[in-house]
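Notes for the structure review
In case you want the letters, here they are:
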Amino acid sequence: MRIRTLIMAGIISLSGILSGCKAKTQNTAVDDGADVFTTKNGTEIRMYCIKHGSIRMKIADKWLYVDPVTKGAAPETDYTDLPKADFILVTHDHYDHLDSIAISQLWKDGTQIFCNGSTRDILGLGNAMSNGESATFGNGWTIDAVPAYNNSPEKLQFHPQGRDNGYILTIDGFRIYIAGDTEDIPEMEAVKDINVAFLPCNLPFTMTPEQLQTVAGIIKPEVLFPYHYGDTDIQQIVTLLEGSGIDVRIRQYQ
């Protein structure tokens, strides 16, 4: 109860793997703004853009949020009228990814948080995962924590190696790669059979459009959402990936 009260009060101050066969991606556009996919077993996955690095998904009847923030990225977001979270993933502890107010607004009895170690230390709760570790959630689905870091000399201070997470969700063989704040790192060679990828392109903190093009060519997702892109001219991504066979979808992830 002490931990739950801490989260609900919002007093924290903040400024391998079940790859199987690659599931065929099915998508329909719907009135509520979701991108809708169906796994090989018929599980429906609805993906909603919130902003920046914040993503909302409905997987069957479960609600999952990635890096929900209120004021950490524009526009300010109030989560009180959105469905409460069954699962919250936090990639790292920067203010535009970790926000106790957003967590308190989404919290309910039974909410599970999966995060990196520094986020666990700040919140005082959550399932801390290190790069290379796996966990199960929902109906036997899996979360794999994968590396996310900077490797350009001028960017090393932003996201050091070994601290932060990207995540791969595997749901009935359908694989979703949420890269987190990262550049084109060697470990991405091991990211396989991806149906949907979220790749960042926000200078100077993450990838250039050319780096993102390189990563997309390595992991070859069926569908790509450039996200966490700030002031980047995101149409560059569309141009660079013309003819690649990758379905590039631009949503409001500034």
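The following refers to the structure shown.

The rules we used
- Residues numbered from 1 in each chain as written.
- Predicted model: local features only at pLDDT ≥ 70, side-chain atom pairs only at ≥ 80, totals over all residues.
- Heavy atoms only, no water.
- Helix = DSSP H or I, 4+ residues; strand = E, 2+ residues; numbered from the N terminus.
- Buried < 20%, exposed > 50% of the residue type's maximum accessible area, 1.4 Å probe, protein only.
- Phe/Tyr/Trp six-rings, centres within 6.5 Å; stacked < 30°, edge-to-face > 60°.
- Pairing = 2+ DSSP bridges.
- Right-handed = clockwise from strand over helix to strand, strands pointing away.

What follows concerns the environment of Leu98. Structurally, the position occupied by Leu98 is in the loop between strand 6 (87-90) and helix 2 (100-106). Note on Leu98: relative accessible area 0%, which makes it buried. Here the alpha-carbon distance between Leu98 and Ile122, two residues 24 residues apart in the chain, equals 9.5 Å.

Let's shift gears to the packing of aromatic side chains. Inspection of the entire model under this criterion finds 10 aromatic pairs. Aromatic pair Phe37 and Phe174: ring centres 5.8 Å apart, planes at 45°, arrangement tilted. Placement of Phe37 in strand 2 (residues 35-38) and of Phe174 in strand 12 (residues 174-178) is noted, with a sequence separation of 137 residues between them. Ring plane angle 70° and centroid distance 5.8 Å describe the contact between Phe198 and Tyr227, whose orientation is recorded as edge-to-face. Here Phe198 is found in strand 13 (residues 196-200), whereas its partner Tyr227 is found in strand 14 (residues 223-227), with 29 residues between them in sequence. With respect to class, Phe198 is no different from Tyr227; both count as buried.

Where strand 6 and strand 7 (residues 112-115) come together, four bridges link them in parallel fashion. Bridging across to strand 7, Ile88 finds its partner in Ile113. Running through helix 2, the crossover from strand 6 to the neighbouring parallel element strand 7 is right-handed. Of the pairings in the sheet, the one linking strand 7 to strand 8 (residues 127-128) comprises two bridges and is parallel in character. Looking across to strand 8, one finds that Cys115 is bridged to Ala128. Note that the unit made of strand 7, helix 3 (residues 117-123) and strand 8 has a crossover that is right-handed.

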